[in-house]
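Chain by chain, the residues run as shown.
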Amino acid sequence: MRLQRVSKVVSVAVVAALALGACGGGSNNADSAATSTSITANGTEPQNPLLPANTNEVGGGRIMDLLFEGLLSYDADGKTVNEIAESIETTDSQNYTITLKDGKTFTNGEPVTASSFVDAWNFGAAAKNAQLNSYFFESIKGYDEVSAEGATTETMSGLNVVDEKTFTVELSQPESDWPLRLGYTAFYPLPAEAFEDPAAFGENPVGNGPYMLAGDNAWQHEVQIDLVANPDYTGTRVPQNDGVTFKFYSSYDAAYADLQADNLDVLDQMPAAAQKTFKSDLGEGRYSEKPTAQNQTITIPQYLEEFSGEAGALRRQAISMAVNREEITDVIFSGARQPANDFTSPVIEGFNAELPGSEVLAYNPERAKELWDQAEAISPWPEGKAFTIGYNADGDHKEWVDAVCNSLKNNLGVDAQGKAYSTFKELRSDATAKTLSGAIRTGWQADYPSLYNFLGPLYATGAGSNDGDYTSQTFDDLLAAGLSAATAEEGAAIFNQAQEVLLKDLPVIPLWYQVSQTGWSNNVTDVETGWNGVPVYYNIARK
Amino acid sequence: MSKNQRTQEHFVAPVDSAGLPETDAVQDGREPLSMWGEAWRNLRRRPLFIISALLILLIVAVAAFPQLFTHTPADGACYLADSNAGPAPGHPLGFTLQGCDVYARLIYGTRASLLVGVITTVCVVVLGGSLGALAGYYGGWLDAVIARLGDIFFALPLILGAIIVMQLPMFRENRNIWTVVLTLVVFGWPQIARITRGAVISVRNADFVVASRALGVSKFQALVKHVLPNALAPVIVTATISLGTFIVAEATLSFLGIGLPPDIMSWGNDISAAQTSLRANPAALLWPAGALSVTVLSFIMLGDAVRDALDPKARKL
Amino acid sequence: MTRYIARRVLQMIPVFFGATLLVYFLVFSLPGDPIAALFGDRPVNEVVAAQLREQYNLDQPFIVQYLLYLKNLLTFNLGNDFSGRPVAEVLGQIFPVTMRLAVLALLFEAVFGIVFGLIAGLKKGRIFDATVLFVSLVVIAIPVFVLGFLLQFIIGVKLGWASPTVGASAGWSDLILPAVVLGLASFAYVLRLTRTSVIENMNADYVRTATAKGLSRGRVVTVHILRNSLIPVITFLGADLGALMGGAIVTEGIFNVPGVGQKLYQAVIRGEGPTIVSIVSVLVLVYVVANLLVDLLYAWLDPRIRYE
């Protein structure tokens, strides 16, 4: 239902249409770029209509983050900044009272009220609306009722509007890091018109963020989307340019060629082929490198015979110690990755690079071979079986998988091989059906800057993204304790204790953290990269 | 005309040393060879043929006995410390991104690449060639069915088909060169079929075909004996070039994760792997691409020589 | 002749049903759950997934899915892709771009392939012949992702003669560089096919007759040798048009052309049945029409060829 009748989009963005006249139209943006201070940035075609709770990939995410403003925003270091929220108060980490600032409006003039949030969240959670990000609301009391199959309830009992500017949230259990999530796309407010025809709205969204669509045809599918600065914006993310045009690229190589020719202003990642040359290609002052909240791991399923029991535990440690992370991040990635010391990411508040037990992540080939031989003594590796690391060939993974396999071959004498899946969905199908015959590449990009986001969804017993079927009572208990801690700081300390359990059990082998490499053209300045690796577009100025 | 000359030779042959029956026996033995046999006699004197045959023999030798050409064992270790390094003693062509010996991989990769190229080409020519010849020669409903079937296969996306082929029960857990060959044959035959069909159509009404039919040669025999030999040239040209493109196509398939598994070394695998360090280390790409060129060149030369040898018009000169 | 054409046009009907059925079956057999993949690394919400499956008829058996597709087709509704766009709109966007790209590539390979092939054939064994052989070896042995990358880097980035990527408009002039890259591999085929045919025909009786009649060299070459040498070339070009349209995945990726190849690739990766089937159906029609034109050209090039 949601996805039908998109072609009959009725224009509703009156204000946006006025802006179109001011900007000279979306199609000839080369001309408008010359006279205005708009910038161009790389992007990909959003895979879903632009609705907050339905946008779960980077292509749509970076557009939504400019079109909308939530209760909070994250600054470049991942610290939360109050935006629409005047205050978010709680005494027990379970009941929150949220007060909104005055005078905030959507670009169609509608004021942003408590209902704008509550209605949007109820919409996102309700099963009948089939929103891909609905699980973000699962902590809110009443989520189970609205998200069940064939549910008739449409509102979560935990959400209550007190007045125009105040609403309360009751969670089903205490969660100290819950407020940290409120800057994520799924928690954005929606104007009333969004619920009348969500499909049409998703094609032509009306937001309350620093930017808005440049008119009716701002989104040229598969080509680009034109955003212009929202003149009525009063938040902290004040645009320093007239607009942002996201050009959609199917490969980073093409975008990089455009960047070199100054046809593109900002590129958020360097293609593999330019990894060794981009610094000299662009020259000093046209690129930056910064760790981001994304990591890469290898998941070895618990259900594999040769990785179960005591021998399995020894083998996991051996494999972890046999991988020369320093060398691979240096040679294969030329610094685009940073060796991992834990299961989270160094940009997250509470990160600790020296957790007890993290020696297991350091390269130690002699110890690795010893451990492997001990495991062999307990139960020998199956004759003729190769240790495979599965990866999807539609992403850039072959190089590092091959390098890791060579490391294991050289140091452990095991026949290690990459196993290419032609598509991501094939890999995921095997992973969710628990029918993997070897390890797979995994990784996590944080939705919001919190240690818990790197742990709970991945390693808690029965969690949705727990591909390896890991289960540990101690770990689960520590997670629960961390969530009910009085403050986020106390919570972080407990989450790090939980990580010590993981370092012993190694449900996954942490490899490295993503380092974003951002490059920009000769025409722009003030390019900074955010905590999640996405450039801070509103801050970029044209020279 | 050449027949006359041969007959004359027999007339001047010494009558006293051999009896007529023996003379006839010789002649009988040569008669079926008339076209192909003569082409062979003609072929083996051509320098083009000798050079290409020697080159192909060399390539086949490398494919069959790679260990004779390199000291590095087939499962030789690769060390990242050597990544993209230049030539070193014992490693004449330098190293790949992963620190593997370029020369050793070139040698060991010959077998898989040659097998994929040659087997696919042979299958495609046999399957596509015979379907195309039948379609072009008989026309009518047979042509309609074969040609339209070809149109459907032409339009199928290679990647879609390749993913499906890989899911077949016999390949699911055991991908090998046959997976790649099957995929490429399924998608390669329509091209040769159309080329053959076009060539057969242009020859089927030629005077010598009409004449042979008038002399009582059956329709099918006329196709095999007269039409096909005269329609071979474009087929040979397309096949020899396709041999090279099949080897490269294996690279593309591997690149998409639907080609050879990584433990089978091949030029295609190496070419696609070298792509990411193209500007940092072009040698890793140029060597396998060069080996591929030499292979294609030898088959193109062989094809040219065979075509020349088969061409009755050229022979008269 | 009219009856022949009419029959060929009628053949499109079974071809269309055969192709759509086959493609639908292949898409149905694709491994992996496309709906689960929409959730990315994130946990799959089964209730939401079930609803989406129902919406795209993915919960139905194969033959029902196919018949539903055909039923919608009768009302000119090609369905929606997973991002909610009508497939008809997608086709309307990508085919004009790709058509321009393919036509340019075809022109490039036809003109240069035939002219160079003709000269190489007439001067067989000479330096020109050897040079074009070398050039064709290079374009065969070096994959298009490398050639495309190099041309883009040199012409687009270093020399700045053309934009390195194709912009939103994807006009004719923007597409010249991608078209050359796309046509390079086929250029080698056209060149070698022309060369071989020319060599064959140079010795034909009618050529010697024409020369003996005292016709000028130019007339002999163009009217007698070239015209009779074109049949295999035309055959190849006819079949290649479709391949250029559907198989330009890599070239379109390098130059960021929003065309058929890229869309088809993404649709296969994502398992979007209606998009794949619709694109392939159009491609099949392109092949059928192109091959019909080729067959008609046969008769025009060689009067001995007749269709009953």
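Since the structure is predicted, the reported quantities are computational estimates derived from the model, not experimental observations. Numbering of residues starts from 1 in each chain and follows the order in which that chain's sequence is written. Chains carry letters from A onward and ligands carry numbers from 1 onward, assigned in written order. Per-residue local features are limited, in this predicted model, to residues with pLDDT of at least 70; the limit for side-chain atom pairs, both in listing and counting, is 80 or more; totals at the level of whole chains, interfaces and linings are taken over all residues.

**Overview of the overall build of chain B**
Stage number 1. The helix and strand tally for chain B stands at 14 helices and 0 strands.
Stage number 2. In DSSP terms, a helix is any run of H or I states spanning at least four residues, a strand is any run of E spanning at least two, and both are numbered starting from the N terminus. Moving toward the C terminus, one meets the helices and strands of chain B in the order α-α-α-α-α-α-α-α-α-α-α-α-α-α.
Stage number 3. Any residue whose C-beta has 12 or fewer other C-beta atoms within 10 Å is treated as exposed, any with 20 or more as buried, and any in between as partly exposed, C-beta atoms being built from the backbone. Put simply, chain B has 317 residues, and 51% of those count as buried.

**Regarding the overall build of chain C**
Stage number 1. Helices and strands together make up the secondary structure of chain C, namely 13 helices and 0 strands.
Stage number 2. Helices and strands appear in chain C in the N-to-C order α-α-α-α-α-α-α-α-α-α-α-α-α.
Stage number 3. Every one of the 308 residues in chain C was classed for burial, and the buried ones make up 54%.
Stage number 4. Any pair of residues counts as being in contact when their C-beta atoms, constructed from backbone geometry, are within 7 Å of one another. Of all intrachain contacts in chain C linking residues separated by at least 6 positions in sequence, the fraction that spans at least 24 positions is 74%.

**Describing the nonpolar core**
Stage number 1. Counting 361 residues, the largest nonpolar core has A:Ala318, A:Leu455, C:Leu101, C:Val190, C:Ile276 and C:Val280 as the members making the most contacts within it.
Stage number 2. The biggest single contributor to this core is helix α11 (residues 219-255) of chain B, with 19 residues.
Stage number 3. In this document the domain limits rely on a domain assignment from an automatic tool or a database. Structurally, this core is a two-domain feature, drawing no fewer than three residues from each of domain 1 (6-259 + 521-542) and domain 2 (293-515) of chain A.
Stage number 4. In this structure C:Val280 touches B:Ala155, B:Leu156, B:Pro157, C:Ala19 and C:Val23, once residues within four positions along its chain are discounted. Under the definition applied here, buried Ala, Val, Leu, Ile, Met, Phe, Trp, Tyr and Cys residues are grouped into a nonpolar core through C-beta atoms within 7 Å.

**Looking at the packing of helix α5 (residues 102-138) of chain B against α11(B)**
Residues and elements named next belong to chain B.
Stage number 1. Fitted lines through C-alpha atoms give the axes, limited to the stretch in contact for helices. The angle between two N-to-C directions lies from 0 to 180 degrees. Viewed as axis vectors pointing N to C, α5 and α11 meet at an angle of 145°, and their least axial separation amounts to 8 Å. In this structure, α5 meets α11 at a crossing whose hand is right-handed. Packed against α5, whose contacting residues are Ser-113, Val-116, Gly-117, Val-118, Thr-120, Thr-121, Val-124, Val-125, Gly-129, Ala-133 and Tyr-137, the element α11 presents Leu-223, Val-227, Leu-228, Val-235, Ala-239, Ser-242, Leu-243, Phe-246, Ile-247 and Glu-250 at the interface.
Stage number 2. Residues are grouped as follows: Ala, Val, Leu, Ile, Met, Phe, Trp, Tyr, Cys and Pro are nonpolar; Asp, Glu, Lys and Arg are charged; every other residue, Gly included, is polar. When its residues are assigned to classes, the contact of α5 with α11 shows 14 nonpolar, 6 polar and 1 charged. A clockwise turn of the near helix away from the far one marks a right-handed crossing, whereas an anticlockwise turn of less than a right angle marks a left-handed crossing.

**Description of the interface of chain C and chain A**
Stage number 1. At the interface, 45 residues of chain C touch 48 residues of chain A.
Stage number 2. Of all the secondary-structure elements, those providing two or more residues to the side of chain C that touches chain A are α2 (34-38), α3 (46-55), α5 (87-122), α7 (144-158), α11 (249-254) and α12 (260-270) of chain C.
Stage number 3. Of the residues forming the side of chain C that touches chain A, the biggest block, 6 residues, is contributed by α3(C).
Stage number 4. Its residues placed into classes, the side of chain C that touches chain A shows 22 nonpolar, 18 polar and 5 charged.

**Quick notes on the interface of chain C and chain B**
Stage number 1. With 50 residues of chain C at the interface, the matching set in chain B holds 48 residues.
Stage number 2. Mapped by element, the contributors of at least two residues to the side of chain C that touches chain B are α1 (2-29), α6 (127-141), α7, α8 (176-202), α10 (217-246), α12 and α13 (273-301) of chain C.
Stage number 3. A breakdown of the residues in the side of chain C that touches chain B according to their chemical character gives 35 nonpolar, 11 polar and 4 charged.

**Let's talk about the sheet that holds strand β4 (residues 85-90) of chain A**
Residue and element names in this part refer to chain A.
Stage number 1. Two strands make a pair as long as DSSP finds a minimum of two bridges between them. On the basis of which strands lie adjacent, the open sheet formed by 4 strands has the order β4-β5-β7-β6 and antiparallel pairing. Each having just a single partner strand, β4 and β6 (159-163) make up the two edges of the open sheet. Strand-to-strand, the axes of this sheet are offset by a mean angle of 20°, without reference to chain direction.
Stage number 2. Bridge count between strand β5 (residues 95-100) and strand β7 (residues 166-170): 5 bridges; the pairing is antiparallel. Note on β7: the bridge partner recorded for Tyr-96 is Val-169.
Stage number 3. Against the sheet, helix α4 (residues 114-125) contacts β5, β6 and β7, and its axis sits at roughly 170° relative to β6.

**Let's talk about the confidence of the model for chain C**
Predicted coordinates in regions of low pLDDT should not be interpreted in detail.
Stage number 1. Residue-level pLDDT values for chain C average 85, and 99% of them are 70 or greater.
Stage number 2. With pTM at 0.85, the complex prediction returns an ipTM value of 0.86. Along the chain, pLDDT gives the predictor's confidence residue by residue, from 0 to 100.

**Comments concerning unusual backbone geometry**
Stage number 1. Positive phi is not limited to glycine here, since B:Asn84 has a value of about 55°.
Stage number 2. With respect to the element layout, B:Asn84 can be found in the loop between α4 (47-64) and α5.
Stage number 3. Backbone geometry at C:Asn57 places phi at a positive 60°, although glycine is not the residue there.

**So, the confidence of the model for chain B**
Stage number 1. Of all residues in chain B, 87% have pLDDT values of 70 or greater, and the mean over the chain is 81.
Stage number 2. Per-residue pLDDT, averaged within each element of chain B, yields its smallest value for helix α1 (residues 2-12) of chain B (44) and its largest for α5(B) (93).

**Things to note about α4(A)**
Residues and elements named next belong to chain A.
Stage number 1. Multiplying one less than the number of residues by 1.5 Å gives the expected span of a helix. Counted at 1.5 Å a residue, the expected span for α4 with its 12 residues is 16 Å, and the 17 Å between its end C-alpha atoms agrees.
Stage number 2. With 11 of 12 residues buried, α4 lies mostly within the body of the structure.
Stage number 3. Of the residues making up α4, those classed as buried are Ala-114, Ser-116, Phe-117, Val-118, Asp-119, Ala-120, Trp-121, Asn-122, Phe-123, Gly-124 and Ala-125.
Stage number 4. Each element contacted by the buried residues of α4 is listed here: β5, α5 (143-147), β6, β7 and α6 (193-196).

**Some details on the pairing of strand β15 (residues 387-392) of chain A**
All names here are of chain A.
Stage number 1. Among the 6 residues of β15, 6 are classified as buried, and the element is accordingly described as predominantly covered.
Stage number 2. Burial of β15 is two-sided: the residues Phe-387, Ile-389 and Tyr-391 facing one way and the residues Thr-388, Gly-390 and Asn-392 facing the other way are all buried.
Stage number 3. Across 6 bridges, β15 lies against strand β16 (residues 416-421) in parallel orientation. Counterpart to Thr-388 in the pairing with β16 is Gln-417.
Stage number 4. Running through helix α13 (residues 398-412), the crossover from β15 to the neighbouring parallel element β16 is right-handed.
Stage number 5. Here β15 pairs with strand β17 (residues 439-445) via 2 bridges, running parallel. If you follow Ile-389 over to β17, its bridge partner there is Ala-439. We call a crossover right-handed when, viewed with both strands directed away from the observer, the connection leading from the first strand over the helix to the second proceeds clockwise.

**Some points on the environment of A:Ala254**
Stage number 1. One can find A:Ala254 in helix α8 (residues 252-260).
Stage number 2. As for A:Ala254 and A:Val360, which are separated by 106 residues in sequence, their C-alpha atoms are 40 Å apart.
Stage number 3. If near-sequence neighbours (up to four positions away) are discounted, A:Ala254 is found in contact with A:Tyr249, C:Thr165, C:Gly253, C:Ile254, C:Phe255 and C:Asn256.

**With respect to the pairing of strand β18 (residues 508-520) of chain A**
For a regular strand, the rule is simple: side chains alternate between the two faces of the sheet.
All names here are of chain A.
Stage number 1. Most of β18 sits inside the fold, with 13 of its 13 residues counted as buried.
Stage number 2. By the bridge criterion, 2 bridges tie strand β12 (residues 266-267) to β18 in an arrangement that is antiparallel. For Leu-267, the partnering residue across the bridge sits in β18 and is Gly-519.
Stage number 3. Relative to β18, strand β13 (residues 287-299) runs antiparallel, the two being bridged by 10 bridges. What sits directly across from Ile-298, in β18, is Ile-509.
Stage number 4. Examined bridge by bridge, strand β14 (residues 337-339) and β18 share 3 bridges and lie antiparallel to one another. Within β18, the position partnered with Pro-339 by the bridge is Trp-512.

**Focus: helix α17 (residues 488-505) of chain A**
Residue and element names in this part refer to chain A.
Stage number 1. Across its 18 residues, α17 extends 26 Å between first and last C-alpha, which sits within 8% of the 26 Å expected from 1.5 Å per residue.
Stage number 2. Of all the positions in α17, only Ala-488, Gly-491, Ala-492, Ile-494, Phe-495, Asn-496, Ala-498, Gln-499, Leu-502 and Leu-503 are classed as buried.
Stage number 3. Taken together, the buried residues of α17 touch α15 (451-459) and α16 (473-483).
Stage number 4. In the stretch just after α17, Leu-506 is the one whose phi turns positive, near 45°.

**Considering the environment of B:Pro262**
Stage number 1. If you trace the backbone, B:Pro262 turns up in the loop between α11 and α12 (267-274).
Stage number 2. Along the backbone, B:Pro262 and B:Leu302 are 40 residues apart, and their C-alpha atoms lie at a distance of 32 Å.
Stage number 3. Discounting chain neighbours no more than four positions away, the residues touching B:Pro262 are A:Asp402, A:Gln417 and A:Gly418.

**Looking at the packing of helix α7 (residues 158-167) of chain B against helix α9 (residues 177-204) of chain B**
All names here are of chain B.
Stage number 1. Where α7 contacts α9, the two axes come as close as 10 Å, and the packing angle between them is 140°. The angle between α7 and α9 places the two elements in the oblique class. Where α7 crosses over α9, the two elements pack in a sense that is right-handed. Seen from α7, the contacting residues are Leu-158, Gly-161, Ala-162, Val-165 and Met-166; seen from α9, they are Thr-179, Leu-182, Thr-183, Val-186 and Phe-187.
Stage number 2. Tallied by class, the residues present in the contact of α7 with α9 amount to 7 nonpolar, 3 polar and no charged. When describing relative orientation, an angle under 35 degrees is termed roughly parallel and one over 145 degrees roughly antiparallel, while 65 to 115 degrees is termed roughly perpendicular and anything else oblique.

**Notes on the environment of C:Pro43**
Stage number 1. Turning to its location among the elements, C:Pro43 is positioned in the loop between α2 and α3.
Stage number 2. Leave out the neighbours within four places in its chain, and C:Pro43 touches A:Tyr135, A:Pro457, A:Gly464 and A:Ser465.

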